[in-house]
Amino acid sequence: MTIEQRDGTTVLMPALGESIDEGTITRWLKQPGDHVEAEEPLLEVATDKVDTEIPSPVSGVLHRIIAEENDVVAVGAALAVVGESGEPTPSALPAPAVAPAETPPVVDTPPTPVPSPSPAPAPELSPRNEPVESVGGGESTTEKLPRIRRTIAQRMVESLQTSAQLTTVLEVDVTAVARLRSAHKDAFLQRTGIKLSFLPFFAKAAVSALTEHRMLNAALNQDVTEVTYFGACHLGMAVDSEKGLMVPVIRDAHDLSIEGLARAIADKAEKVRTGKISADELSGGTFTLTNTGSRGALFDTPIINQPQTGILGTGAVVERLVPTRVDGELRIEIRSMAYLSISYDHRIVDGADAARFLTAVKKKIENGFTAADLI
């Protein structure tokens, strides 16, 4: 969005996504007098959903910055002026320093001597006023939280205050999937250019189970008088990034194959980590999957992404000695095992519902995939 004027092109705050009407200027990447190419990032803007870079619409020199860092700017409002090469306009130049007003000299008056009292023992320090020692001898620092971190913090607390959340955990044997993956991962990578992880199998099992357990693919209204059961599953995938946790959404995940889910997961994760994810791609989810096992966690108690009614956590896949029975004979075998955890809104989902859902996911993972699912 731009406006042409005599001293250059006015850069306007662009549309940042559905239902987003303002953004916060977090950092200017160029300063008045700097040359900028068309489509070169000019500044960074943060919203409640995503941080994004705003490119310059034209090539030229940044003449004037209109919105300063930390300003909250509405969509369509002016951000800066970019014009032809030349000196910045006067309003872009820093204001001259103002000398401080002279103050009268302070005359020190010698204090009146006071007799010193008898020495008293130093008071004991309570835990509240004990001096803080920095760990490892380094200096402590205080930093302002980034907007995205503040948004995450706010939403996590709001989620816990909004719904009655419980977590159910179940163990699943993923040996069959591990063998299938091991046998076909090289061919899958060669054909698709994508590494075949366990995550697409977990995602496929989850969205398949949701068709029969619709209370976990639903949303309650604010006064808890109506529930909406979604006909489609738009799967949110929690993605860790340097800027914080984001949850891009895979539309119509129930229609995707293992390969389709693998492609979508890789695409969304790459966009998040490179800062190219759009605000629209972070909204509209009906159910969420978080893979804490990618960092080695055995299981987690994830917080629901409101207004959804459930979130599935997948733990690390580990090999363990597991007792099994074959034709009545007890054996000890090495099996690939993992924990699944479902956090759910107890206002609409009962514990038995959550257990039945996890059992359906478990059944699909243990017995529901063949090589034909990878083609």
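Anyway, here's the lowdown on the structure attached to this text. (Residues numbered from 1 in each chain as written. Predicted model: local features only at pLDDT ≥ 70, side-chain atom pairs only at ≥ 80, totals over all residues. Heavy atoms only, no water.)

With that out of the way, let us pick up the overall build of the protein. Along the backbone of the protein there are five helices and 18 strands. Taking all 375 residues of the protein together, the buried fraction comes to 40%. For the protein, the share of sequence-separated contacts (at least 6 apart) that also reach a separation of at least 24 residues comes to 63%. For the protein, the exposed surface amounts to about 22100 Å²; the carbon and sulfur share of it is 53%. (Helix = DSSP H or I, 4+ residues; strand = E, 2+ residues; numbered from the N terminus. Buried < 20%, exposed > 50% of the residue type's maximum accessible area, 1.4 Å probe, protein only. Contact = heavy atoms within 4.5 Å. Areas by Shrake-Rupley, 256 points an atom, 1.4 Å probe, with all protein chains shown as cover.)

On to helix α2 (residues 175-192). In this model, α2 (18 residues) spans 24 Å end to end at C-alpha, consistent with the 26 Å of a helix rising 1.5 Å per residue. In α2, a bend of some 55 degrees at His184 exceeds every other bend along the element. Buried within α2 are the following residues: Thr175, Val177, Ala178, Leu180, Phe188 and Thr192. On the buried face of α2, the contacting elements are β10 (165-173), α3 (199-210), α4 (258-273), β18 (329-345) and α5 (351-367). One or two steps after α2, the chain reaches Gly193, where phi turns positive at roughly 80 degrees. (Expected span 1.5 Å × (residues − 1). Bend = angle between axes of the 7 residues up to and from the residue.)

The next thing to look at is the packing of α2 against α4. Orientation of α2 relative to α4, taken along the N-to-C sense of each, is 65 degrees, at an axis distance of 12 Å. Considering only the axes of α2 and α4, their crossing is right-handed. Contact residues: α2 offers Phe188, Arg191 and Thr192, while α4 offers Glu259, Ala262 and Arg263. Residues of the contact of α2 with α4, tallied by class, amount to two nonpolar, one polar and three charged. (Axes fitted to C-alpha atoms, helices over the stretch in contact; angles between N-to-C directions. Left-handed = near helix turned anticlockwise from the far one by under 90°. Nonpolar A, V, L, I, M, F, W, Y, C, P; charged D, E, K, R; others polar.)

A few words now on unusual backbone geometry. Following Gln306, the chain continues to Pro307 via a peptide bond in cis, the omega torsion being 5 degrees. Structurally, Pro307 is set in the loop between β15 (287-290) and β16 (310-314). Look at Glu39: it is not a glycine, yet its phi comes out positive at around 75 degrees. Looking at the element boundaries, Glu39 is found in the loop between β4 (35-36) and β5 (41-46).

Before going further, it helps to spend a moment on a nonpolar patch on the surface. Side chains of Val169, Leu298 and Phe299 sit close together on the surface and give an oily, nonpolar patch of about 260 Å² of accessible area. Mapped onto the elements, Val169 comes out in strand β10. (Patch = residues over 30% accessible without salt bridge, like charges linked within 9 Å, V, L, I, M, F, W, Y side chains within 5 Å. Salt bridge = Lys/Arg side-chain N within 4 Å of Asp/Glu carboxyl O.)

Our focus in this paragraph is the packing of α3 against α5. Closest axis-to-axis distance for the α3/α5 pair is 9 Å, and the angle between their directions is 130 degrees. By the angle between their directions, the pair α3 and α5 is classed as oblique. Pair α3 / α5 crosses with right-handed handedness. In this structure, α3 contributes Phe202, Ala205, Ala206, Ser208, Ala209 and Leu210 to the contact, and α5 contributes Phe357, Ala360, Val361, Lys364 and Ile365. Taken together, the residues that form the contact of α3 with α5 break down as nine nonpolar, one polar and one charged. (Parallel < 35°, antiparallel > 145°, perpendicular 65-115°, else oblique.)

Attention now goes to the pattern of salt bridges. Considering all chains together, one arrives at 14 salt bridges under this definition. A salt bridge links Glu259 to Arg191; the shortest N-O distance between them is 3.0 Å. Of this pair, Glu259 sits in helix α4 while Arg191 is found in helix α2, placing the two residues 68 residues apart along the sequence. The class for Glu259 is buried, based on a relative accessible area of 17%. A salt bridge links Arg295 to Asp240, with the shortest nitrogen-to-oxygen separation between them at 3.7 Å. Placement of Arg295 in the loop between β15 and β16 and of Asp240 in the loop between β13 (235-237) and β14 (249-250) is noted, with a sequence separation of 55 residues between them. On the basis of relative accessibility, which here comes to 43%, the residue Asp240 falls in the partly exposed class. When salt bridges with common partners are traced through the structure, they connect Asp267, Lys268, Lys271 and Glu281 into a single cluster.

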